[in-house]
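The primary structure of each chain is shown beneath.
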Amino acid sequence: MSPSTAALLAGLVLLFPLAGSALCGLLGPVLGRRFVNLAGTLSIGAAFAVTLVIFVQVLGAASGHQSTTATLWNWLDLGPGNLNVSVDVTIDQLSVLMLLVITGVGLLIHVYSVGYMEHDSGVARFFSYMNLFIFSMALLVLAANLIILIIGWAAVALSSYLLIGFWYERESAVLAARKAMITQVIGDVALVIAAILIFVNLRAVPACPPNEKCAGLPQSLHTLSLPQIFAHASSLGTGSPLITLICILLAVGAFAKSAQFPLHTWLPDAMEGPTPVSALIHAATMVTAGVYLIARFHPLFDLAPIASGMVACVGMGTAVMAGFIALSQVDIKRVIAYSTMSQIGLMIFAVGIGAYAAGMYQFLLHAFFKALLFLAAGNVIHAVHDEQDIREMGGLDSRMRVTAWCFLVGSLALAGFLFAGMFSKEDLLGFGLLNGPGAPALYVVGIVVNVLTGLYAFRLYGTAFRGEPRSDAARNAHESKAVMLWPVVILAGLSALAGWILQWPVAFGPHLIDAFLNPVFTSPGSGPIAKAPNLGWGVIGFVIGLTCSLIGIAIALRIWVRHDLDPSRALARPGLRLLPRLSFNKLYFDEIYDALLVRPTRALARGLRRVGDPVMDSWIKGVSGVATDFSSAFRTIQTGLIRDYASYMVLFVVIFTVAVMLAAGLAK
Amino acid sequence: MLSQAMFPWLLLTAAFLFTLGALGVLIRRNPLVVFMCIELMLNAVNLALVGYSSYLNSEEGQVFAFMVIVVAAAEVVVGLGLLTRVFSIGRELDVDDLDEMKQ
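Cut-offs and rules
Residues numbered from 1 in each chain as written. Chains lettered and ligands numbered in written order. Predicted model: local features only at pLDDT ≥ 70, side-chain atom pairs only at ≥ 80, totals over all residues. Helix = DSSP H or I, 4+ residues; strand = E, 2+ residues; numbered from the N terminus. Rg over C-alpha atoms; globule rule 2.2 N^0.38 Å. Buried ≥ 20, exposed ≤ 12 C-beta atoms within 10 Å, placed from the backbone. Contact = placed C-beta atoms within 7 Å. Nonpolar A, V, L, I, M, F, W, Y, C, P; charged D, E, K, R; others polar. Core = buried A, V, L, I, M, F, W, Y, C linked by C-beta atoms within 7 Å. Pairing = 2+ DSSP bridges. Axes fitted to C-alpha atoms, helices over the stretch in contact; angles between N-to-C directions. Parallel < 35°, antiparallel > 145°, perpendicular 65-115°, else oblique. pLDDT = per-residue confidence, 0-100. Left-handed = near helix turned anticlockwise from the far one by under 90°.

## Focus on the overall build of chain B
So, point 1. Across its full length, chain B carries 3 helices and 0 strands.
So, point 2. Counting helices and strands in the order they occur from the N terminus, chain B gives α-α-α.
So, point 3. Scaling as 2.2 N^0.38, a compact globule of 103 residues should have a C-alpha radius of gyration of about 13 Å, whereas chain B reaches 17 Å, well beyond that.
So, point 4. A principal-axis box enclosing the C-alpha atoms of chain B has dimensions of 55 × 25 × 20 Å.
So, point 5. Evaluated residue by residue, chain B yields a buried proportion of 13% over its 103 residues.
So, point 6. In chain B, 45% of the contacts between residues at least 6 apart in sequence involve partners at least 24 apart.

Right, dumping it as structure tokens:
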């Protein structure tokens, strides 16, 4: 692909959603619902069509020429040797895979939203924000300049904030939006610091021939262009404190965006937004931006084993923690939110151990089945009149047949049996057998995650869909209409088939995504990537993983569907008694943060106010007092009586005349 | 031709009329009377203009007096229009009563 074609196509992908956002936001309230529905979905449809063209172009390009970087325009130029930011886009396998998911799943979710927001008066605002999100996310994955990437990074946080707080008359939604924004900003700041460090320290490679004295270090490159950063990454040192620090900062940015420990608390609260938002932003795309960031910056992470190891540990830790919490949540969307956190933890683990393609494979399949689960949950929530507590549901499988079947497909895909998750998760964990810090220690944790996933996925399915209805709303539930059903069915088809198609005919070992993405991750200049398990290890890993998933599913089915296994007695034992409470209260993270951060800050603010108030007040009151006194002296002459104004006029004319006459007399 | 001796008297008459008008504007409360007083002031100025014109043997003063007459006519149109509006909304015709400019 020539740079000009790349620039044109990338520009179109960016332009369509942006135009859609502007049209919906500016003209939507005037032209009405039909226009908004059309403009909002067609813009994404057009972006998806362009993405398909890009995909075909990338597939058809000769090997070694699939990555194209093009400049749209030069945005900021502070002269040679100084900051120079041009709006660059990179089209390669990684960005095109992300774009396919963003616009493809995005399109399905937009179509679904037409039905979901049917009775909401803010539909123009909704589609405007959703289109803005697609634009920002496309900017983020296309960016070939760190500044542009950070702009996209912040813009997705903005659209996430706007959409979480979409129902702004609800206090909880506004608080959740604020929490998400504040957490994201922590990540933004980390990214900006990393960018500054790179900008200052990046030097041309080869910096200095070995065994030779150089006159001095070569000049800093002073660039933030990603291809340049990657080409000269080794000038930051291999395993040096500097590159470790940079990678840890990048990882903190990724953790904030991908809801990883310790910056994860915003994601469950983000479920306050409309369900399509949860599906698109907080499951399929935005929260996986952290995975993308680490995969994109793989030349740096390859050089920083300590940072990569930390990323792997945090990812796996979050996966276990979120899986454990998901076991006892009662809000249908929160259970899925914690499962998202857990699955993204696995992706982060994968990119942490260098299995980038495996992480992106999990991202792709996860986007399908997680969007499916959320949209199906949206149908359920609609059917039971905005009830989200799964204890109030039950027995929905006979009342909402299609949704129930789709949800079952999603749950199986999530738990990793037969459908999507089976392929990507076992593939990813297989890498864990041989790679990562202290391998295979994290792999053992990984199979625990597998059991947990089976447990919570089928606890959710069993409680919400099986058994007898436990409320009037559930008893009277009925199936959603076609516009909300078709996207769910398509996503269910994708979840069921995508894995098989990509990996036909064997369910383990290399797959098409591997082959497609590996050129990106083995490009010259990057270090070693994870060692792929050979066939023997692959089979062993696959069998162990699948067995653990099945154990989890089986236990869940016995407890929550057949009710012939009661965990409460086992959990009543001392030592285990705490577990349910810990899980239900989300390990008390919110309370801990409240005690450690919020309260001290508030106390500090209150203390400062006590000290500052008198000082500042005397100041400001002094200034304003002067103005008040001055003006009150003049206020009395404004009576509103024409007579008075006329008298002033006459008075001043007389004074003026006399003054002129005196002056004339003096001049003589 | 005006005699030289009469000219100061003419100016004094104009000044007297002007002061009379000004006092009327400031003191009277009936807007119609205020109006008439304004006319009195304008005509006092006209008298002075015409007097000067004759005294200095130039036409400019007379031309200017015509301008003043035209402006005065226009001003009467606007002013009386305002007065009828004030009257028609049921307000008392009293300049002291119309003090909304204070707010």
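## Focus on the overall build of chain A
So, point 1. Broken down by element type, chain A carries 26 helices and 2 strands.
So, point 2. With the C-alpha coordinates of chain A rotated into their principal frame, the extents come out at 120 × 80 × 55 Å.
So, point 3. Per-residue burial for chain A yields a buried fraction of 51% across its 668 residues.
So, point 4. At a minimum sequence separation of 6, the contacts of chain A that also span at least 24 residues come to 81%.

## A look at unusual backbone geometry
Peptide bonds are, in most cases, trans, and in most cases residues other than glycine have a negative phi.
So, point 1. The step from A:Phe261 to A:Pro262 runs through a cis peptide bond, and the omega angle for that step is 0°.
So, point 2. Turning to its location among the elements, A:Pro262 is positioned in the loop between helix H8 (241–258) and helix H9 (266–269).
So, point 3. We note that A:His563 has phi near 55°; this positive angle belongs to a residue other than glycine.
So, point 4. Checked against the element boundaries, A:His563 lands in the loop between helix H22 (535–560) and helix H23 (567–571).
So, point 5. Judged by the 11 C-beta atoms lying within 10 Å of it, A:His563 falls in the exposed class.
So, point 6. Although it is not a glycine, B:Asn57 sits at a positive phi angle of roughly 55°.

## A short note on the interface of chain A and chain B
So, point 1. Chain A puts 9 residues into the contact, and the matching count from chain B is 9 residues.
So, point 2. Residue composition of the side of chain A that touches chain B, grouped by class: 4 nonpolar, 4 polar and 1 charged.

## Looking at the nonpolar core
Residue and element names in this part refer to chain A.
So, point 1. In terms of nonpolar packing, the biggest core is built from 222 residues, with Ala138, Met360, Ala371 and Leu372 touching the most fellow members.
So, point 2. Broken down by element, this core gets its largest block of residues, 20 residues, from helix H15 (residues 356–383).
So, point 3. If we ignore the near neighbours within four places in the chain, the residues touching Ala371 are Val105, Ile109, Ala279, Ala283, Ala284 and Leu491.

## Quick word on the pairing of strand E1 (residues 68–77) of chain A
So, point 1. Relative to strand E2 (residues 84–91) of chain A, E1(A) runs antiparallel, the two being bridged by 8 bridges. Note on E2(A): the bridge partner recorded for A:Asp77 is A:Asn84.

## Focus on the packing of helix H3 (residues 93–116) of chain A against helix H4 (residues 123–142) of chain A
Residue and element names in this part refer to chain A.
So, point 1. It is the contact of H3 with H4, at a shortest axis distance of 9 Å, that shows an interaxial angle of 170°. Classified by the angle their axes make, H3 and H4 are roughly antiparallel. Two secondary-structure elements touch here, H3 through Ser95, Met98, Leu99, Ile102, Thr103, Gly106, His110 and Ser113 and H4 through Phe126, Met130, Ile134, Met137, Ala138, Val141 and Leu142.
So, point 2. Residues of the contact of H3 with H4, tallied by class, amount to 10 nonpolar, 5 polar and no charged.

## Topic: the confidence of the model for chain B
So, point 1. Across chain B, the average pLDDT comes to 87, with 95% of residues at 70 or higher.
So, point 2. Across the predicted assembly, pTM comes out at 0.77 and ipTM at 0.81.

## Some remarks on helix H11 (residues 289–296) of chain A
So, point 1. Summarising burial for H11(A): 8 of the 8 residues are buried, a large majority.
So, point 2. For H11(A), the set of buried residues is A:Ala289, A:Gly290, A:Val291, A:Tyr292, A:Leu293, A:Ile294, A:Ala295 and A:Arg296.

## Some points on the packing of helix H16 (residues 401–415) of chain A against helix H20 (residues 482–503) of chain A
All names here are of chain A.
So, point 1. Viewed as axis vectors pointing N to C, H16 and H20 meet at an angle of 30°, and their least axial separation amounts to 9 Å. As judged from the angle between their axes, H16 and H20 are roughly parallel. The hand of the H16/H20 crossing is left-handed. Contacts between H16 and H20 involve Val402, Thr403, Cys406, Val409, Gly410 and Ala413 on the former and, on the latter, Leu485, Val488, Val489, Ala492, Ser495 and Ala496.
So, point 2. When its residues are assigned to classes, the contact of H16 with H20 shows 9 nonpolar, 3 polar and no charged.

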